[in-house]
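Remarks on the overall topology
Take a look at the letters that make up each chain.
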Amino acid sequence: MDKRQKLLKNWSLLQLGLENGDWSVVSGDASFRRYFRIKNKHDSWICVDAPPEHENSEQFIKIARLLENVNAPKVIAQDLNNGFMLLSDLGDDLFLPLLNEQSADQLYKSAIISLVEMQNIDSSAKIPLYDAELLNIEMELFRKWFIGKHLQMELSINENKMLDQLFTWLTDSALEQPQVFVHRDYHSRNIMFIENESPGIIDFQDAIHGPISYDLLSLLRDCYIEWPDYKVKEWLDYFLEQSDWNLDKAQFVQWFDWMGLQRHIKVAGIFARLNYRDGKSNYLKDIPLTLRYIVRQAEPYPQLEEFTHWMKQTILPKMDSLVRVQ
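Only a predicted model underlies this, so the values are computations on that prediction, with no experimental measurement involved.

Conventions and cut-offs
- Residues numbered from 1 in each chain as written.
- Predicted model: local features only at pLDDT ≥ 70, side-chain atom pairs only at ≥ 80, totals over all residues.
- Heavy atoms only, no water.
- Helix = DSSP H or I, 4+ residues; strand = E, 2+ residues; numbered from the N terminus.
- Expected span 1.5 Å × (residues − 1).
- Buried < 20%, exposed > 50% of the residue type's maximum accessible area, 1.4 Å probe, protein only.
- Polar contact = N/O pair within 3.5 Å; in protein donor to acceptor, adjacent residues only side chain to side chain.
- Phe/Tyr/Trp six-rings, centres within 6.5 Å; stacked < 30°, edge-to-face > 60°.
- Lys NZ or Arg CZ within 6 Å of the ring centre and 35° of its normal.
- Pairing = 2+ DSSP bridges.

The first and last C-alpha atoms of helix H1 (residues 3-16) sit 20 Å apart over 14 residues, in line with the 20 Å expected at 1.5 Å per residue. Among the residues making up H1, those that are buried are Gln5, Leu8, Lys9, Trp11, Ser12 and Leu13. Of the residues flanking the start of H1, the one acting as N-cap is aspartate 2, its side-chain oxygen 3.2 Å from the backbone nitrogen of arginine 4. Trailing H1 by a residue or two, glycine 17 shows a phi angle of about 70 degrees, which is positive.

In structure tokens, the structure reads:
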């Protein structure tokens, strides 16, 4: 047990009025946060180590309060100076390992119901906006970390112009949508199965006010599990039935696809950055699925033909050759 773990454990016991408790590691994630569990005979809690020089615990607490009407962890105690938090415990049953052809329908529909509830939160003045600047900062990760660093490619003037135009179209599409509470990472590794309760929702500290299609896209075109298009369409229809917004289906489908392009372009860059900057190489194995999503979401749209062709003829072969070398 390192020094911060010891401090966190002692602080947590003090907050709970306990003399001792069983201590175990729950997980780390793609950030600097670490999660531990402390338990006694009757109950258990999650202890969060979020170093203040790297993590914004104040924002986490703010979002947790906004999520009081869904099944998200409650903040029991906090020490912002040290970056410690004590949370209610939602268990260990992530959606991802539970998903199969038999369970998926029920699990996804329950997650969609919770998503609709989140989208009814009044968040516009309370959390950051998913504005044009942020959308483009995210997409530029693709150009810098995936294309430049991972594939070791130098783009031509025409290739850069093509990406500039694509990023403009995707930004405009995101901003023209109804703007709602966006979890920003709503997928099978951040949703918990809790028997006889609504799904547990975790890892929400980066929430923003943004496009209505974003979280549904994250859920249904998950970077860690892939579903047939016909299932995605069924769940998209279910969302449209449940949503309090009166959304035109044809328009929403394009928003959904183009939001997918924005997200998966960003994620390919993030996965590469996690490897080269942060030493987390396990995310590299998830890049091929993000690239398949990019092509699949661009193909139906004639205005994206040049980009689709470039992905198929230049990027995918380059990626395949890199995987074979590795």
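Under the criterion given, the structure shown has 14 aromatic pairs. Ring geometry for phenylalanine 239 against phenylalanine 252: centres 5.5 Å apart, planes inclined by 25 degrees, an arrangement best described as stacked. Of this pair, phenylalanine 239 sits in helix H8 (residues 229-242) while phenylalanine 252 sits in helix H9 (residues 249-276), and the two are 13 residues apart along the sequence. You can call phenylalanine 239 buried: its relative accessible area is 0%. Within the aromatic cluster, the residues linked to one another by ring pairs are Tyr108, Trp227 and Trp235. It is arginine 184 that lies over the ring of tyrosine 130; its NZ or CZ is 5.5 Å from the centre. The ring of tyrosine 224 has arginine 189 sitting right over it, with the charged end atom 3.7 Å from the ring centre.

What follows is about the pairing of strand S3 (residues 44-49). Looking along a regular strand, one sees the side chains alternate between the two faces of the sheet. A large share of S3 lies buried, amounting to six of its six residues. By the alternation rule, side chains of S3 split into Ser44, Ile46 and Val48 and Trp45, Cys47 and Asp49, which are all buried. The sheet contact formed by strand S2 (residues 34-39) and S3 spans six bridges and is antiparallel. By the bridge assignment, arginine 34 is partnered in S3 with aspartate 49. Connecting S2 to the antiparallel partner S3 that follows it, the hairpin turn spans four residues. Pairing analysis gives five bridges linking S3 to strand S5 (residues 84-88), with the strands arranged antiparallel. Residue pairing across strands places tryptophan 45 opposite serine 88, the latter belonging to S5.

Nothing here speaks to function; it is all geometry.
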